[in-house]
Amino acid sequence: MSTRRSQQLFARAQEFFPGGVNSPVRAWHSVGGEPVFIARGAGAKIVDVDGNEYLDYVGSWGPLILGHSHPRVVAAIQAAAMRGASYGAPCEPEIELAQRITGAFPSMERMRFVSSGTEATMSALRLARAFTRRSKVLKFAGGYHGHADFLLARAGSGIATLALSDSAGVPSDIAATTLVVPYNNLQAVEQAFHVRPEEIAAIVVEPVAGNMGVVPPAPGFLQGLVATAHHHGALAIFDEVITGFRVGWGGAQGLFGIAPDLTCLGKIVGGGLPVGAYGGRREIMDLVAPSGPVYQAGTLSGNPLAMAAGIATLDAIADTPNAYAELERRSALLEQGLRDAARQVAIPVSVNRVGSMLTLFFNRGTVADYDSATQSDTDLFARYFRAMLTNRVYLPPSQFEAAFVSLAHSDQDIADTIDGAQTAFQGLRAS
Ligand SMILES: *Cc1c(COP(=O)(O)O)cnc(C)c1O
C-alpha cells in the first residue's frame, strides 16, 4: 500500500500547522506513523490521496451517522449555498432545526446554536455559573468537553482534589475551579459536594463516555448524579455532543429516561458542518443575552448551510425505517465478531458498546472509568490500528476513542471488518 502522496502532503502541512494538523489526534501520535490525507468519502468508505480505499469507523469523529456525502445532505448544502452562505441575521432554517431538536430532546425547552461542541459546553457552564451564582464545576476523569481552559482539567486523583490542568497555558487558578472525580463513582460525587458545599455550580458529564474510549454509565449513575446535583442546588449538564442522535433519537437522556437541566449538542446536529447547541429549562436559558445578562454570541451561529445540513441529516434518519434498531443490530454484529476474533487467538480484549459507538480495549478487565481504561495495552492497540489500516479499515487512531458505525455500513462491510480484524489479531499473536 503506497502512501507516498500523503507523506508529501504531510511534509508540506508541517510547514503551516503545528504538528502538521489542525486538531491533535489527526497526527496519529499515539499509534505512530504518519496520517493519510483523505481525498473523498462516500457512504461507509473514504479514499486517500494515493487512491487507497478504507472502511471508515471515524465518521469525522461522530457526525456522519449517515455516512459520507449522503445525497440528501449534499443536496441540502448545495441548495442553501445558492441562497447565500451566511447573513448574520435570523433565518428560518434555525427554527426548523430547533423544532426537530426539541422534539427529540424535550428537556431543551429553549436553545442557542453555536458553531462547535466546545462553544456549547463552555457557554452552558457560564450559564450554570450565572444561574447558581457559584463558581466551581464538577467533571469526571476522562470526560472531554471541548477545549475551554477550565474544562481541560481531568487529572484529579483524590476525591474532590482540585484538578491540575492537562494543558500548558491554563492558569492554575482557572484549573482550580474544576473538580474531577472518577466516572461511575457516585460516592465521589457526593463527597465532592460534602467537601465544597454551595460552591459547585454544575456537574458536567458525558452520559455515555466516549472520550476515554466508550464507557457506559453504570445502572443508576446518571439518575444518582442528577439527584445529587439537585439536592445540593447545582445543575446537571449532559454533554451529548457525541451521544445526541447517536445512541438514540433522543440521545442518552432518551435512552436512559433521565432529563438534565442543560444539554449540549454538536456533531450529528450539524450533519458534518460546524454546529453546536446548548439548551434546557426555560428559566435557565432566559438568562442568556439578549433576554438575560449572560453574554454569548457568534458571527456564524445558526449559519444557514450548517442548519441545512443538520435538518437534512435528522430528516434522513427519521425517514430511515428502524434507523436505531438497524444501527444496534449491525453494531452488535461487529461487537460479537471482534470478540470472537480476539478469543480465537486468545488476545484478551474488553469491548464496550452502546448502540453504534464502540471501543475495543486491549484490556483484561472491565473498563468502567478512566483508571481502568488507561490499564489498556496501547502498544498493542497501535499495532492493531496499523494492521487494520493495511486491511483497509480506518479506525480512530487512539485506544481512547469511540469507533462509530453508520447507517451506510452494510452487513457486508461489517463482515469485511471482522475478517480484517481476524487477520490483524493473528498477526499480533504471531509476532
Ligand atoms: C467532540 C466533543 C466536544 C467538542 O466538540 P467540538 O465541536 O470538537 O468543539 C465536546 N464534548 C464531547 C463529548 C465531544 O465528544
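Residues numbered from 1 in each chain as written. Predicted model: local features only at pLDDT ≥ 70, side-chain atom pairs only at ≥ 80, totals over all residues. Heavy atoms only, no water.

S.K.: Any chance you could explain the site of the ligand here in plain terms?
M.R.: Around the ligand sit Ser116, Gly117, Thr118, Tyr144, His145, Gly146, Glu206, Asn211, Asp239, Val241, Ile242 and Lys267, and that is every residue in its neighbourhood. Gly117 is positioned such that a nitrogen or oxygen atom in its backbone is 2.9 Å from an oxygen atom of the ligand. In this structure, an oxygen atom belonging to the ligand sits 2.6 Å away from a side-chain N or O atom of Thr118. Protein chains bury 82% of the 380 Å² of accessible surface belonging to the ligand in isolation. A class-by-class count of the residues in the shell around the ligand yields three nonpolar, six polar and three charged. (Near = heavy atom within 4 Å. Polar contact = N/O pair within 3.5 Å; in protein donor to acceptor, adjacent residues only side chain to side chain. Areas by Shrake-Rupley, 256 points an atom, 1.4 Å probe, with all protein chains shown as cover. Nonpolar A, V, L, I, M, F, W, Y, C, P; charged D, E, K, R; others polar.)

S.K.: Hey, could you run me through the sheet that holds strand 7 (residues 200-205) in this one?
M.R.: In a beta sheet, neighbouring strands pair by backbone hydrogen bonds and run either parallel or antiparallel. Taken in spatial order, the seven strands make up an open sheet running 4-10-9-8-7-5-6, and their pairing is mixed. What marks the edges here is a single partner per strand, and that holds for strand 4 (110-114) and strand 6 (178-181). If you compare each strand with its neighbour and ignore which way they point, the axes differ by 20° on average. Across four bridges, strand 9 (residues 262-265) lies against strand 10 (residues 276-280) in antiparallel orientation. Residue pairing in the sheet places Thr263 in a bridge with Gly279 of strand 10. Set on the sheet, helix 7 (residues 221-231) makes contact with strand 5 (136-140), strand 7 and strand 8 (235-239); between it and strand 8 the angle comes to about 145°. (Pairing = 2+ DSSP bridges. Helix = DSSP H or I, 4+ residues; strand = E, 2+ residues; numbered from the N terminus. Axes fitted to C-alpha atoms, helices over the stretch in contact; angles between N-to-C directions. Contact = heavy atoms within 4.5 Å.)

S.K.: Looking at this model, I keep getting lost on the environment of Gln187. Mind explaining?
M.R.: Among the secondary structure elements, Gln187 is positioned in helix 6 (residues 186-195). Here Gln187 falls in the exposed class, since its relative accessible area comes to 67%. The spatial distance from the C-alpha of Gln187 to the C-alpha of Thr263 is 23 Å, given a sequence separation of 76 residues. (Buried < 20%, exposed > 50% of the residue type's maximum accessible area, 1.4 Å probe, protein only.)

S.K.: What's the story with helix 14 (residues 411-430) in this structure? I'm lost.
M.R.: For an α-helix the count is 3.6 residues per turn, leaving residues at separations of three or four pointing the same way. Given a rise of 1.5 Å per residue, 20 residues ought to cover 28 Å, and the 29 Å separating the end C-alpha atoms of helix 14 matches this to within 8%. Listed in full, the buried residues belonging to helix 14 are Asp413, Ile414, Thr417, Ile418, Gly420, Ala421, Ala424, Phe425 and Leu428. In an axial view of helix 14, the angular spread of the buried residues amounts to 165°, which keeps them on one side of the axis. Exposed residues lying more than 90 degrees from the buried face of helix 14 are Gln412 and Ala430. Contact partners of the buried residues in helix 14: strand 2 (45-48), strand 3 (53-56), helix 11 (323-344), strand 12 (357-361), helix 13 (378-390) and strand 13 (393-394). (Expected span 1.5 Å × (residues − 1). Arc of directions from axis to C-beta.)

S.K.: Would you mind going over the domain arrangement of the chain with me for this structure?
M.R.: In many reports, interface size means the accessible area that the parts give up when they come together. By domain assignment, the chain separates into domain 1 (1-48) and domain 2 (71-318). Here domain 1 and domain 2 have C-alpha centroids that lie 29 Å from each other. (Domains from an automatic or database assignment.)

S.K.: What exactly am I supposed to notice about the nonpolar core here?
M.R.: Most often, soluble globular proteins keep nonpolar side chains buried together rather than apart. Counting 38 residues, the largest nonpolar core has Tyr57, Leu334, Phe362, Tyr384, Tyr394 and Phe425 as the members making the most contacts within it. Broken down by secondary-structure element, the contributors of at least two residues to this core are strand 3, helix 11, strand 12, helix 13, strand 13 and helix 14. In terms of residues, this core owes the most to one element, helix 13, which gives seven residues. For Phe425, the residues in contact, after removing those within four places along its chain, are Leu338, Ala341, Ala342, Val345, Ile347, Leu360, Phe362 and Tyr384. Counting 32 residues, the second largest nonpolar core, distinct from the first, contains Leu66, Ile268, Ala323 and Leu407. (Core = buried A, V, L, I, M, F, W, Y, C linked by side-chain atoms within 4.5 Å.)

S.K.: Whenever I open this one, unusual backbone geometry confuses me. Can you help?
M.R.: With the exception of glycine, the majority of residues adopt a negative phi angle, and the majority of peptide bonds are in the trans configuration. Backbone torsion omega between Ala289 and Pro290 reads 10°, so that peptide bond is classified as cis. Within the secondary structure, Pro290 sits in the loop between helix 9 (282-285) and helix 10 (304-319). The backbone phi angle of Trp61 is positive, close to 70°, even though this residue is not glycine. Among the structural elements, Trp61 can be located in the loop between strand 3 and helix 2 (71-82). Here the phi dihedral of Asn184 falls at roughly 65°; this positive angle occurs in a residue that is not glycine. Mapped onto the elements, Asn184 comes out in the loop between strand 6 and helix 6. For Asn184, a relative accessible area of 21% puts it in the partly exposed group.

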